[in-house]
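So you can see what is in the structure, the chains are spelled out below.
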Amino acid sequence: MTLTPLPSHKLFLKCKAADFPFTSTKTLEPLEEIVGQLRAQEAVRFAMAMPASGYNIYAVGRNGLGKRTMMLRYLNSNAGNSEDASDWCYVNSFEDTRAPKVMRLPPGVGHQLKQDMEKLMSRLMKGLPQAFDNDAYYERSEQLKSELGLKQEKSLAQLATQAKKKRISLTITTPGGYRLVALNGDEPHSIESFAALTQEEQDGFEEIINKFEKKLRAVLRKLASWEQEYTDKQTQLNEEVTLAVISHQIEGLQKKYQQHEAVVKFLEEVQKDIVENVDIFLEDNDEQTAIAFAALDKKMPRRYQVNVLVNRKDKQAPIIVEDNPTYHNLFGYVESVTFKGTVFTDFSLIRGGSLHKANGGYLLMDAIKVLEQPFVWDGLKRALRSKTLGINSLERELTLSGTISLEPEPIPLKLKIILFGDRETYLLLQQYDPEFMELFKVAADFEGEMPRNVDTQLKYAKFITSLVHEKSLMHCDRTAVMRIIEHSSRVAEDQTKLSLHAANIANLLREADYWAGQSGSKLIRQEHIRKALDSADHRTGRVRDMLLESIANGTTLLSVTGKRTGQVNALSVLYTGDSEFGTVSRVTSTARYGDGDVIDIERDVKLGGNIHTKGVLILSSYLASMFGFKDPMRMSASITFEQSYGEVDGDSASVAEFCSLLSSLSAIPVNQELAITGSMNQKGEVQPIGGVNEKVEGFYEACKMLGLTGTQGVIVPATNVHNLMLKEEVVEACAQGKFHIYAVSKVSDAVQLLLGKPMGVMSKKGDYPAGSVLGAIQKVMADIRQHEQKLDHAHGGLHSKSETRH
């Protein structure tokens, strides 16, 4: 059977202009849906519609797929309004200032209430001092004070008159202190004069003084009662004056917010507290100014502020992206200010986090970043389980601080959390965190590729339009879109697929936009896409060029012409972080008399990986199965990768190793103009491999450097033909007959191409055709058996002669 090279149209699937009914992306509408992600889109739609708790989303997919961008685009288009989107405010609890109260208000009402309270306080700070600093207030206050004074004086005067009649004087010693003294005429007795009195007279005075002391205490109790009455009347007067100033203003606010019961109740509490603490407005207190300055707030009584934690403009479901999910950024925190060397805090210094902002909507985060931050994962699970969001000091949880802290009232939590992460992280969380699947019940599995057909190509064009709009780039003409789609198929390594790696396409568009700008074009055209691809290839190609240079100067031994026994050009792919390229490796084998074992030198020196070792064992088993029916194999072989100084892994060279072994065992040389890639199984079938484009291009570059002969080429698995999306230069060389690509499905086809002879099929008698490769090996083995028999016969004859002489 003659194997023919693949035609050039099978090496690259070009776009047809007729499939793109537009001249440029200017005429295309940007794509609003998640392109090529029907499965993930359905999962997101399901999670959004599920009202039950625990239906949060874990978006699974490798980095660069644009999961966040596509998710944001979908949510912005489909999230709509949310009944749970509200303003959240903290206000002072006048009963317990350490436990601020939370208020839930419709969007926009919280900020309006804050402004109204600031205006109210501003008016009261002016109006209340004025109300207490006028003649009417002073007159009423003085009248109350005069009434008290007159009553006190009259009561004391009556007691003093009664005492004087009994020759006792009532005098004031200190403010609030009184003294009863016996009189000697009109003057108080001195110590000497009182001592000169008879005992009877002294006892008489003491008895009278004792009686008047009792009366005095009764009078003093009456005075204290009158003072309390005065204080009550003064307080009542202050309340009347205060209410006269504030009642109509607060009533106006209550009427304005009458639909919001929480606000009305708060205003009632504010009015009551202002009445009880009106001195706050009357004292010229510099502390309020200093604290306000330290806290970056307005100068006003802090206890009446409204701390708007979340301010919304409408009922649109909030969509929040948290790029730095630290504990404080996520759960909020309580700030503190330093005042006169003391750390000070109150409810107005409570700050919200991303969970507060996203409450009633969606919060998007990177799973790895969440897991990296201390205490965040546990705190997030605790909030989702309890459906409440409290603000706890992280320092307090860690017992690092003994300062007084607040205990704000928790906020009801209702939102959907979307975590972005790779599959490995998803599986680890499933395995090691039993709560994970209860809290993240929906997995949005993002595809890496999408099918390529006429409809999906048009969708992809709209996807490109979306990127153009999002990144503010030049529009693409039709040829540029077609070239991007072709490149996308190359990235996907499949003619029937398109890559959904949005980051790669976005970077390509940015670089093409730059080259279009450099050329003065108003549109991104095909040549700009090609220039961007070539430029990126050149920037990352230093290692590749060094390897090609080593081939050119003979440092790396490579033959691309002639024939060599036991030597095959195998292909592999090298990865250098931001680049991957194909390279040629020389696989050699040597054969000898033995017991049929195949020595894998890479494995014996521990440079062979597990997959490579498996591949060698498979080809060894296949080789043994072809000769092990009649007699054991009388030959052994060794196989290795020449000039390989690092670990070798993968089975994509197993067909090359097999052909090298057959060449060595049969002494039939291998055509060095061909290179081969492909793995094999124990049935002799060629299996697909990865990196087929890079491998073909790698051998082409080597041949071009050493000189193209027109008969060189690469053998690839037939199952990899649909993966071919080769560079234009390679496709053109194949079209001109300068280079060739062969597709094989069985190792026998590869053997025929490389060794120039059919591998051979075993007859019913267990023999192979004389002109086949296996027939040649069988002949060598037959010669070995004959040689063994001659040796055995010779040794047997010598042994019998020896016995006769004996």
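Everything quoted here is computed from the prediction, not taken from an experiment. (Residues numbered from 1 in each chain as written. Predicted model: local features only at pLDDT ≥ 70, side-chain atom pairs only at ≥ 80, totals over all residues. Heavy atoms only, no water.)

1. Focus: the layout of surface pockets
In this structure, the largest pocket occupies an estimated 1400 Å³ of space. The set of elements that each furnish at least two residues to the lining of the largest pocket consists of α18 (478-492), α19 (502-519), α20 (526-539), α21 (542-552), β22 (580-593), α25 (692-706) and α26 (728-735). With seven residues, the top contributor of residues to the lining of the largest pocket is α20. Of the residues belonging to the lining of the largest pocket, the class tally is eleven nonpolar, ten polar and 19 charged. (1 Å grid on protein atoms, 1.4 Å probe; cavity = no way out; pocket = protein on both sides within 12 Å on 5 of 7 lines; lining within 4 Å. Points joined across faces, edges and corners; volume = space filled by probe spheres on them. Helix = DSSP H or I, 4+ residues; strand = E, 2+ residues; numbered from the N terminus. Nonpolar A, V, L, I, M, F, W, Y, C, P; charged D, E, K, R; others polar.)

2. Brief notes about the sheet that holds strand β7 (residues 306-310)
The sheet built from three strands is open, its strands ordered β3-β2-β7 with antiparallel pairing. Across the chains shown, the open sheet's two edge strands, defined by having one partner strand only, are β3 (101-105) and β7. Within this sheet the neighbouring strands show an average axis-to-axis angle of 30°, counted without direction. This element, helix α3 (residues 109-132), spans β2 (87-91), β3 and β7 of the sheet and lies at about 160° to β7. Docked against the sheet, helix α7 (residues 261-276) engages β2, β3 and β7, running at close to 140° with respect to β3. (Pairing = 2+ DSSP bridges. Axes fitted to C-alpha atoms, helices over the stretch in contact; angles between N-to-C directions. Contact = heavy atoms within 4.5 Å.)

3. What about the pattern of salt bridges?
Across all of its chains, the model carries 30 salt bridges by this definition. Between D84 and R104 there is a salt bridge, and its shortest N-O distance comes to 3.6 Å. Here D84 is found in the loop between α2 (67-78) and β2, whereas its partner R104 is found in strand β3, with 20 residues between them in sequence. What makes R104 partly exposed here is its relative accessible area of 41%. One salt bridge connects K114 with E118, and the closest N-O pair in it is separated by 3.5 Å. Taken as a pair, K114 and E118 lie in helix α3 at a separation of four residues, close to a single helical turn. Owing to a relative accessible area of 25%, K114 belongs among the partly exposed residues under this scheme. Classification of E118 by relative accessible area gives buried; the value is 19%. (Salt bridge = Lys/Arg side-chain N within 4 Å of Asp/Glu carboxyl O. Buried < 20%, exposed > 50% of the residue type's maximum accessible area, 1.4 Å probe, protein only.)

4. Remarks on the sheet that holds strand β8 (residues 319-322)
What the five strands build is an open sheet, ordered β8-β13-β16-β1-β17; its pairing is parallel. Because the sheet does not close on itself, it has two edges, and the strands there are β8 and β17 (442-445). Across the sheet, the mean angle separating the axes of adjacent strands is 20° when strand polarity is ignored. Bridge analysis of strand β13 (residues 362-366) against strand β16 (residues 416-421) gives five bridges, and the strand direction is parallel. When the sheet's bridge partners are listed, M365 is paired in β16 with L419. Contacts between helix α1 (residues 38-49) and the sheet are confined to β1 (57-60), β13, β16 and β17, with β17 contributing the most and set at about 155° to the helix.

5. Quick notes on the nonpolar core
Side chains that are nonpolar tend, in soluble globular proteins, to be buried together. Core analysis: the largest hydrophobic core is formed by 55 residues, its most contacted members being M71, F446, Y460, C476 and L509. Excluding anything up to four places from it in sequence, Y460 contacts M450, I485, S488, L498, S499, L500 and I505. The next biggest cluster of nonpolar side chains, apart from the first, holds 46 residues, and it includes Y622, M635, A637 and V648. (Core = buried A, V, L, I, M, F, W, Y, C linked by side-chain atoms within 4.5 Å.)

6. A look at empty space enclosed by the protein
The full count for this structure, using the stated rule, is two cavities of 30 Å³ or more. A volume near 70 Å³ is recorded for the largest cavity. Considering the residues around the largest cavity, the lining is formed by R544, L547, L548, I551, F581, G582, T583, V584, G698 and E701. Going through the elements one at a time, α21, β22 and α25 are the ones with two or more residues in the lining of the largest cavity.

7. Some thoughts on the packing of helix α23 (residues 610-627) against helix α24 (residues 654-666)
For the pair α23 and α24, the least separation of the axes is 9 Å and the interaxial angle reads 40°. The orientation of α23 relative to α24 falls into the category oblique. Relative to α24, α23 is oriented so that their crossing is right-handed. Contacts between α23 and α24 involve H612, G615, V616, L619, Y622, L623 and M626 from the first element and S654, E657, F658, L661, L662 and L665 from the second. When its residues are assigned to classes, the contact of α23 with α24 shows nine nonpolar, three polar and one charged. (Parallel < 35°, antiparallel > 145°, perpendicular 65-115°, else oblique. Left-handed = near helix turned anticlockwise from the far one by under 90°.)

8. A word on the side chain of T677
Note that T677 resides in the loop between β26 (674-676) and β27 (679-680). A relative accessible area of 3% places T677 in the buried class. Within the structure, the side chain of T677 is placed 3.1 Å from the side chain of K695, a separation counted as a polar contact. Beyond its immediate stretch of four places on either side in the chain, T677 contacts L571, S652, I689, K695, I715, V716 and P717. (Polar contact = N/O pair within 3.5 Å; in protein donor to acceptor, adjacent residues only side chain to side chain.)

9. So, the confidence of the model for the protein chain
Per-residue pLDDT for the protein chain has a mean of 86; in total, 90% of the residues score no lower than 70. Every residue in residues 798-806 scores below 50 in pLDDT, and together they form zero contacts with partners more than four places removed in sequence or on other chains. (pLDDT = per-residue confidence, 0-100.)

10. Points about the environment of V468
Assignment of secondary structure puts V468 in helix α17 (residues 454-471). In this structure V468 comes out as buried when scored by relative accessible area, which is 2%. Residues V468 and Y362, 106 residues apart in the sequence, show an inter-C-alpha distance of 26 Å. Ignoring any residue separated from it by four or fewer positions in sequence, one finds V468 in contact with L473, M474, H475 and C476.

11. As for the packing of aromatic side chains
Tallied over the entire structure, the rule returns 16 aromatic pairs. Relative to Y55, the ring of F46 lies with its centre 5.8 Å away and its plane at 80°, an arrangement referred to as edge-to-face. When its relative accessible area of 39% is taken as the criterion, F46 is described as partly exposed. Geometrically, the ring pair formed by Y58 and Y426 is tilted, given 5.0 Å between the ring centres and 40° between the ring planes. You can see Y58 sitting in strand β1 and its partner Y426 sitting in helix α15 (residues 423-432), a full 368 residues away along the chain. You'll find Y58 and Y426 in the same group, each marked buried. Counting every residue linked through ring pairs, the aromatic cluster contains Y58, W377, Y426, F436 and F440. When the ring centre of W515 is taken as reference, the NZ or CZ atom of K531 above it lies at 4.7 Å. (Phe/Tyr/Trp six-rings, centres within 6.5 Å; stacked < 30°, edge-to-face > 60°. Lys NZ or Arg CZ within 6 Å of the ring centre and 35° of its normal.)

12. What to know about α18
Because the α-helix completes a turn every 3.6 residues, residues three or four places apart line up on one side. Given a rise of 1.5 Å per residue, 15 residues ought to cover 21 Å, and the 21 Å separating the end C-alpha atoms of α18 matches this to within 8%. Burial of α18 is extensive: eleven of the 15 residues sit out of reach of the surface. All of the buried residues along α18 are A480, V481, M482, R483, I484, I485, E486, H487, S488, S489 and A492. Those residues of α18 hidden inside the fold are in contact with β18 (449-451), α17, β19 (497-499), α19, α20 and α26. (Expected span 1.5 Å × (residues − 1).)

13. Side note on unusual backbone geometry
Of note in the backbone geometry, E493 takes a positive phi value of approximately 55° without being a glycine. In this fold, E493 is placed in the loop between α18 and β19. By relative accessible area, E493 is classed as partly exposed at 24%. Residues other than glycine seldom take positive phi values, yet A667 does so here, at roughly 65°. Looking at the element boundaries, A667 is found in the loop between α24 and β25 (669-671). Under the relative-accessibility criterion, A667 is labelled exposed at 54%.

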